Every structure is written in C-alpha cells, then in structure tokens.
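Here is what each chain is made of, one letter per residue.
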Amino acid sequence: MSAAPARAPERLLRHARGAGLGEIAAKVLERERLSLEDGLSLYRTPHLHVLGALANHVRERLHGDRTYFNVNQHINYTNLCNKLCKFCAFQRLPGEAGAYLLTPEQAADKIRAQLAEPVTEVHMVAGVWPRIPYSYYLELLRAVKAARPSIHIKAFTMVELDQIAKVAGKPLEQVLPELIEAGLGSCPGGGAEVFSERVRAATYHLKISGDEWLAIARKVHRAGLRSNCTMLHGHIETIEERVDHLDRLRRLQDETGGFQTYIPLSFHPENSEMSELEGPSALDELREIAVARLLLDNIPHVKAYWILLDVPVAQTALSFGADDVDGTVIEEHIYHDAGATTPQQVARRDLVRWIERAGRVPCERDTLYNLVHEADAARPEAPRIPEMSH
Ligand code: V47
C-alpha cells in the first residue's frame, strides 16, 4: 500500500467540485476555517475518497510524509471504578472477578521490567475509585519516576483529575503543581466520550459533563501541562453531536493552545452493556480521522491509535489525515477487555515497518513531539508546535 499522492490543488478542487464539496475544498486550500455545517457535509458525503484526499492535503501540508510514534508503556493502575459507563468493559467493583489496584511499588516493578527497552513514556489511565487516597497518586508518580527517572509520565484523564482533587480536598489549581512536582509530565485525552448531555444521560451519567471536562482541561493547560483530546465514536451519538464535540475542542484550543493531539476512539462493544451495537466500520473510522483533520485546524496532530483500529486501517489512516500511530504500548487492557484483537504490544521495528509500508517516514518522538532519533528514514525537520497561551 502506498500513500495517496499529494494532489495538485487544481485537481483536488476539480474532484471535490464533482463530489459537491467544491466550497469546502476551496476553504481548505485557502486555509480558511470550516463551519459546523461544513462538518456535517463531510460526515454525510458518500465521496469518502475525496474527503480523504482533502484531509491528506492538510496532513501533508502540516507534516509532509512524517509519521510520529513513540516507545511507550501503558499502566492501568486500577480497574476499580464507580462511574459504571455502559460502554466500558474494563471497570470492576471491589470483590468482582479480576478487580485490582496496583500498589505504587507494583507499578514501579512494571517500569523496571522494561528497563532494557528504550521506553520514553508511560501512559497511566485507570478507573475512578473514591477510596484511593490523594497520597496514593503522589506515591504512584514518585515510584514510577524513581524506577526510571528519564521517563515522561503522561497520566490521569480529566475524570481522574476531578476525582484526585476531590480526595485531596483542595482545588485542582493547587493539586496540579503537587502532581507535577511528583512527576506528572502531561495528560492523556480520555474521558471526554461525547460532550452531548443526551448521550451522557443514556450511557455514562455518573461521569463529569462535557463542560466540566473542558473546564478541567483548561486548568491543566493553565498549569503549563500539555494534554491530548479524544471522542468516543460509533455508538449512539449523532453526527450533529460529533460536530458539536469537535467544535468545543476547537474553541478551547483557540483559547489555550494546550492540546497536542486528537485521538478518535472507536467504540469496541464486546463485553460491555452496549454489546448489542456493532461499533464503527473501517470506513467509519477513516471518515472520523479525515473529518477531524479538517475541522480541528488548530490541533497539530491526529492519531490513528493502532490498538483500536487494527494495523491495516491505521496504515490507511496515514493517508486520510493521521500523522501519528501512538506507540509500542506494552500491556493494554481497556480495549482488549472490550474485544480488541490487535496484539497488546508491538516491537519498535514493527511499528517502523508498518509506517514505511504505508509509504510514510517513521519519526520517533517523545511525548512532547521532540524527535528522539535523528532519522528512521531520511526526513526533513519536524515542525515546531506553537507556543501555548496560558
Ligand atoms: O476514556 C473505554 C475509552 C478511554 C472503551 O492521550 C473505550 O494518547 C472504545 O484515554 N471502546 C481511555 N473506547 C483511553 C485513553 C487514551 C487511549 C490512547 C491514547 C491516549 C492518549 C488516550 O478509552 C476512555 C474511553 O473513552 N474507552 N472503553 C470501549 N469499549
């Protein structure tokens, strides 16, 4: 499989006009912001290849052939959770089969077990359990850092941060500097689901609202941390709700500049309370990547998370707007509990090979998109991410 060639603008425009997307294409070529109505048209168009070519144009304008990945490790420190989200197959209540809470030392052991690997990041997300004291989170960060001082800790979704501030008994503005002091380096993008109150009421009513998620992300950015953002798609949400979600992310990004990467999360229904649903098809997933690349004109990166997508879809996504595939992962639970059939980890050389076979240039990055290796293949300089405004 090779990447779609960067089409000359006139040709792209001609194809887009033929597909009824001429006005949108003209805006894309002029770097004009797309409207919410444009977003709906992109979700509705039957011309997926034209949508993909437009998103690919933007992807290549921003990143050329570069495709980012990192050597990372996941630690899901607990599956205890009181949010009871219907889409989740990972959560457990105390006493249920498979319920666990790692001690900080057990988490550190997982870090030490990978010391021979060139891991630069640990991604730590977990369930929300109110009996875990504030001191646990600080000790967890410190233990991981002590086990591998060079590691970047990307941890705690906005939902976990909400809970951490509650058990700390103080405002998040005071908690964040303490977490940073203990080793927190940035935050992952999960927990956003779909900001629609209708969807929240039906599937995850105990979780923080979209407004609360965005307010916490704003505080995170103001504390000087970068974060990612996500949308869980392919369940009961409408395209209007998806466009609204992307618009709200875009508006916060205009304000703070703190989001690095957007990751569409494809719903995996197996073993969840929504297992009667099918989940998105490969074509839905490619459309989601492409629409996001076109609407989120102020977020530098769009990630095709290979664990969720399957490798061939992730490879194709690299010509539909995505410029990042996540990393080696090592021990993924959230999606494998929900039926993901991808491996739980991949060797660095395999990631490099997948990206090359998709016709792209693999670039190993750290969490903040600094290049770790000069070149896995010949490539130009990586673009700088703009400064974040507080
Ligand atoms: O918030 C849970 C989602 C998220 C299912 O920032 C599900 O780089 C699909 O935060 N089917 C957690 N999705 C994962 C997360 C993440 C993952 C990869 C990269 C990054 C990053 C962040 O997983 C949850 C929820 O939205 N999720 N269950 C499911 N059955």
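Residues numbered from 1 in each chain as written. Predicted model: local features only at pLDDT ≥ 70, side-chain atom pairs only at ≥ 80, totals over all residues. Heavy atoms only, no water.

Caption draft 1: View of the overall build of the chain. For the chain, the helix and strand inventory stands at 15 helices and ten strands. The C-alpha atoms of the chain give 20 Å as radius of gyration, which agrees with the globular expectation for 390 residues (21 Å, within 12%). Principal-axis analysis of the C-alpha atoms gives the chain an extent of 60 × 45 × 40 Å. Every one of the 390 residues in the chain was classed for burial, and the buried ones make up 61%. Considering only intrachain contacts with a sequence separation of at least 6, the fraction spanning at least 24 residues in the chain is 76%. Surface exposure of the chain reaches about 15,500 Å², of which carbon and sulfur atoms provide 52%. Placing the 45 positive and 53 negative side-chain charges of the chain at their respective mean positions leaves the two points 2 Å apart. (Helix = DSSP H or I, 4+ residues; strand = E, 2+ residues; numbered from the N terminus. Rg over C-alpha atoms; globule rule 2.2 N^0.38 Å. Buried < 20%, exposed > 50% of the residue type's maximum accessible area, 1.4 Å probe, protein only. Contact = heavy atoms within 4.5 Å. Areas by Shrake-Rupley, 256 points an atom, 1.4 Å probe, with all protein chains shown as cover. Lys, Arg positive; Asp, Glu negative; His and termini not counted. Charge placed at Lys NZ, Arg CZ, Asp CG, Glu CD.)

Caption draft 2: Spatial organisation of the side chain of Thr261. Structurally, the position occupied by Thr261 is in strand E7 (residues 259-266). Separated by 2.8 Å, the side chains of Thr261 and Tyr369 make a polar contact. Those residues within four positions of Thr261 in sequence are excluded, and the remaining contacts are Ser227, Asn228, Cys229, Ile299, His301, Val302, Lys303 and Tyr369. (Polar contact = N/O pair within 3.5 Å; in protein donor to acceptor, adjacent residues only side chain to side chain.)

Caption draft 3: Structural view of a nonpolar patch on the surface. A contiguous nonpolar patch, built from Leu84, Leu93 and Leu206 and spanning about 240 Å² of accessible area, is present on the exposed surface. Take Leu206: it is sitting in the loop between helix H9 (197-203) and helix H10 (210-222). (Patch = residues over 30% accessible without salt bridge, like charges linked within 9 Å, V, L, I, M, F, W, Y side chains within 5 Å. Salt bridge = Lys/Arg side-chain N within 4 Å of Asp/Glu carboxyl O.)

Caption draft 4: Structural view of the nonpolar core. Grouped together as the largest cluster of nonpolar side chains are 124 residues, with contacts concentrated most on Met124, Phe156, Leu161, Leu179 and Trp213. The biggest single contributor to this core is helix H6 (residues 134-147), with nine residues. (Core = buried A, V, L, I, M, F, W, Y, C linked by side-chain atoms within 4.5 Å.)

Caption draft 5: Local environment of helix H4 (residues 48-63). Relative to the 22 Å expected for 16 residues at 1.5 Å per residue, H4 spans 22 Å between its end C-alpha atoms, a close match to the ideal helical length. For H4, a buried count of 13 out of 16 residues is recorded, marking the element as mostly surrounded by other parts of the structure. At the exit of H4 stands Gly64, carrying a positive phi of roughly 60°. (Expected span 1.5 Å × (residues − 1).)

Caption draft 6: Spotlight on the site of the ligand. Lys154, Gly191, Glu193, Lys303 and Tyr335 are the nearest of the 21 residues found near the ligand. In this structure, an oxygen atom belonging to the ligand sits 3.1 Å away from a main-chain N or O atom of Gly190. The separation between an oxygen atom of the ligand and a polar side-chain atom of Asn228 is 3.1 Å. Notes on the ligand: free accessible area 620 Å², of which the protein chains cover 96%. Those elements that place two or more of their residues in the shell around the ligand are strand E6 (227-233) and E7. Among the elements that take part in the shell around the ligand, E7 stands out by supplying three residues, more than any other. (Near = heavy atom within 4 Å.)

Caption draft 7: Structural context of the sheet that holds E7. Pairing within the open sheet is parallel, and its three strands lie in the order E6-E7-E8. Edge strands, defined here as strands with exactly one partner in the open sheet, are E6 and strand E8 (301-302). Sheet topology places E7 next to E8; two bridges connect them, and they run parallel. Each bridged residue has a counterpart across the sheet, and for Tyr262 the counterpart in E8 is Val302. (Pairing = 2+ DSSP bridges.)

Caption draft 8: Representation of the packing of helix H3 (residues 36-44) against helix H11 (residues 239-256) in the model. Running from N to C, H3 and H11 point in directions that differ by 135°, and their axes come no closer than 10 Å. With respect to H11, the axis of H3 lies oblique. Viewed along their axes, H3 and H11 form a crossing whose handedness is right-handed. Together, Leu36, Gly39, Leu40, Tyr43 and Arg44 of H3 and Ile239, Glu240, Arg242, Val243, Leu246, Asp247 and Arg250 of H11 make up the contact between the two elements. Broken down by class, the residue content of the contact of H3 with H11 amounts to six nonpolar, one polar and five charged. (Axes fitted to C-alpha atoms, helices over the stretch in contact; angles between N-to-C directions. Parallel < 35°, antiparallel > 145°, perpendicular 65-115°, else oblique. Left-handed = near helix turned anticlockwise from the far one by under 90°. Nonpolar A, V, L, I, M, F, W, Y, C, P; charged D, E, K, R; others polar.)

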